[in-house]
Amino acid sequence: MNNRWLDVRILVVAVLAALPIVAMAQAPQGTPPAGEVKPAPPVVEVAKPAPPSIAAPAVEVIENPYGIEALWKQGDFVARGTLIILVIMSIGSWYIGVVKLIEQARVLKDAREANSKFWSAGAVKDGVLALREDSAFRFIAEEGQIAVKDHSALARQQLDLNTWVGMSLERAIDVINNRLQTGLAFLATVGSTAPFVGLFGTVWGIYHALTAIGIAGQASIDKVAGPVGEALIMTALGLAVAVPAVLGYNWLVRRNKVAMEQVRRFGGGVHMTLLGGGHTPHKAS
């Protein structure tokens, strides 16, 4: 009886000992046995793609298709010729205006110099030497001296000294007046014709607009905007050339009158001095 119980105990122990082995054999492949800690798989770092660089937004340059540059590129020889004429008129007007302004300022300065130096000299000859060589007032005084010498050298003095010297001084004054008036006719011409030159460009632009409409068969804005823009630019350029020319002409004519008044006063004083009568203070002022 004891031996049989001992055999049963041995059999139970053997069965209990075989159970883990059977469990391990039936477990799925890759599953770690109970109580065994599976090592963690190695961490593989995947390189993340670099974020795309944000490019600076491109600045879009929008060219004006209806400006002066487009007018020059798209216009025909008539439009370009009209534009060139207006540019020449404008440049000539500003050049003449600046030159005449400097010339008038020099004459007015010479007038002040003549009033302070010429009339304070003891004789006409000394007063002439005191003035600047290219001075208009020195030119008048020298012409008066030459007239006196020429009159005394005449064999037959059919004209008296007063008339002879007066005529010589008047011619000298006319020379100075013509010099001051030179170029003002150009300003007057530009002021009166520049608007019509611009108007011609306007008419030509409208003609191109009508031609574009006729070819396209429809009056769309893209067919009309360019030629009409040319027309408006030509009108504006014509006015921009004419207005400064007219204003400059009127202003320079007024300054010429003031300068010539000083010249005539000086000529009258020289005339009286050469005749032996001296000059009055109001003529020298």
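Residue numbers run consecutively from 1 along every chain, following the written order of its sequence. Selection of residues for local features in this predicted model requires a pLDDT of at least 70, selection of side-chain atom pairs for listing and counting requires 80 or more, and totals for whole chains, interfaces and linings are taken over all residues. Values reported for side chains reflect all heavy atoms of the structure, with hydrogen atoms and water molecules removed beforehand.

### A closer look at the pattern of salt bridges
When charged atoms on two side chains of opposite charge get close, those side chains can pair.
Right, on to step 1. Salt bridges are identified by distance alone: a Lys or Arg side-chain nitrogen within 4 Å of an Asp or Glu carboxyl oxygen. Counted under the stated rule, the structure contains six salt bridges.
Right, on to step 2. A salt bridge links Arg138 to Glu142; its shortest N-O distance comes to 3.1 Å. Placement of the pair is Arg138 and Glu142 together in helix α5 (residues 136-153), with a separation of four residues, close to one helical turn.
Right, on to step 3. Linked through salt bridges whose partners overlap, the residues forming this network are Asp110, Arg132 and Asp134. Note on conventions: DSSP H or I runs of at least 4 residues are helices, E runs of at least 2 residues are strands, and numbering of each starts at the N terminus.

### Some thoughts on the nonpolar core
Right, on to step 1. Definition used in this section: a nonpolar core is a set of buried Ala, Val, Leu, Ile, Met, Phe, Trp, Tyr and Cys residues joined via side-chain atoms within 4.5 Å. Using a 1.4 Å probe on the protein chains alone, a residue whose accessible area is under 20% of its type maximum counts as buried, one over 50% counts as exposed, and one in between counts as partly exposed. Ranked by internal contacts, the top residues of the largest apolar core, which has 25 residues, are Phe118, Phe137, Ile140, Ile176, Val263, Phe266 and Val270.
Right, on to step 2. Those elements giving two or more residues to this core turn out to be α3 (77-118), α4 (124-130), α5, α6 (161-181) and α8 (221-274).
Right, on to step 3. Any pair of residues with heavy atoms lying within 4.5 Å of one another is described as a contacting pair. Once residues lying within four places of it in the same chain are set aside, the contact partners of Val270 are Phe118, Trp119, Ala141 and Leu169.

### Quick look at the environment of Asn250
Right, on to step 1. Its place among the elements puts Asn250 in helix α8.
Right, on to step 2. Placed 66 residues apart in sequence, Asn250 and Leu184 show a C-alpha to C-alpha distance of 9.3 Å.

### Side note on a nonpolar patch on the surface
Right, on to step 1. On the surface, Phe196, Leu199 and Val203 cluster together to form a nonpolar patch covering roughly 320 Å² of accessible area.
Right, on to step 2. Secondary-structure assignment places Phe196 in helix α7 (residues 184-216).
Right, on to step 3. Judged by its relative accessible area of 58%, Phe196 is exposed. Candidate patch residues must exceed 30% relative accessible area and have no salt bridge, after which like charges are joined if within 9 Å and Val, Leu, Ile, Met, Phe, Trp or Tyr side chains if within 5 Å. All accessible areas in this document rest on Shrake-Rupley with a 1.4 Å probe, and a residue is counted as covered only by the protein chains that are shown.

### Some thoughts on the packing of α3 against α5
Right, on to step 1. Between α3 and α5, the least distance of the axes is 8 Å, while the angle of their chain directions is 55°. Relative to α5, α3 is oriented oblique. Only Ala136, Phe137 and Ala141 of α5 make contact with α3, whose side of the interface consists of Val107, Asp110, Ala111, Ala114 and Phe118.
Right, on to step 2. For this classification, Asp, Glu, Lys and Arg are treated as charged, while Ala, Val, Leu, Ile, Met, Phe, Trp, Tyr, Cys and Pro are nonpolar and the rest, including Gly, are polar. Of the residues assigned to the contact of α3 with α5, the class counts are seven nonpolar, no polar and one charged. The convention used is that axes are lines fitted to C-alpha atoms, helices contributing only their stretch in contact, and that angles between N-to-C directions extend from 0 to 180 degrees. Roughly parallel means an angle under 35 degrees; roughly antiparallel, over 145; roughly perpendicular, 65 to 115; everything else is oblique.

### Structural notes on the environment of Thr193
Right, on to step 1. Following the sequence through the fold, Thr193 ends up in helix α7.
Right, on to step 2. In this structure, the C-alpha to C-alpha distance between Thr193 and Val241, residues 48 residues apart in sequence, is 9.6 Å.

### A look at the side chain of Thr82
Right, on to step 1. Locating Thr82 in the fold gives a position in helix α3.
Right, on to step 2. Overall, Thr82 belongs to the buried group, its relative accessible area being 5%.
Right, on to step 3. Once residues within four sequence positions are removed from consideration, Thr82 is found in contact with Val197, Phe200, Gly201 and Met234.

These figures come from the coordinates and say nothing about function on their own.
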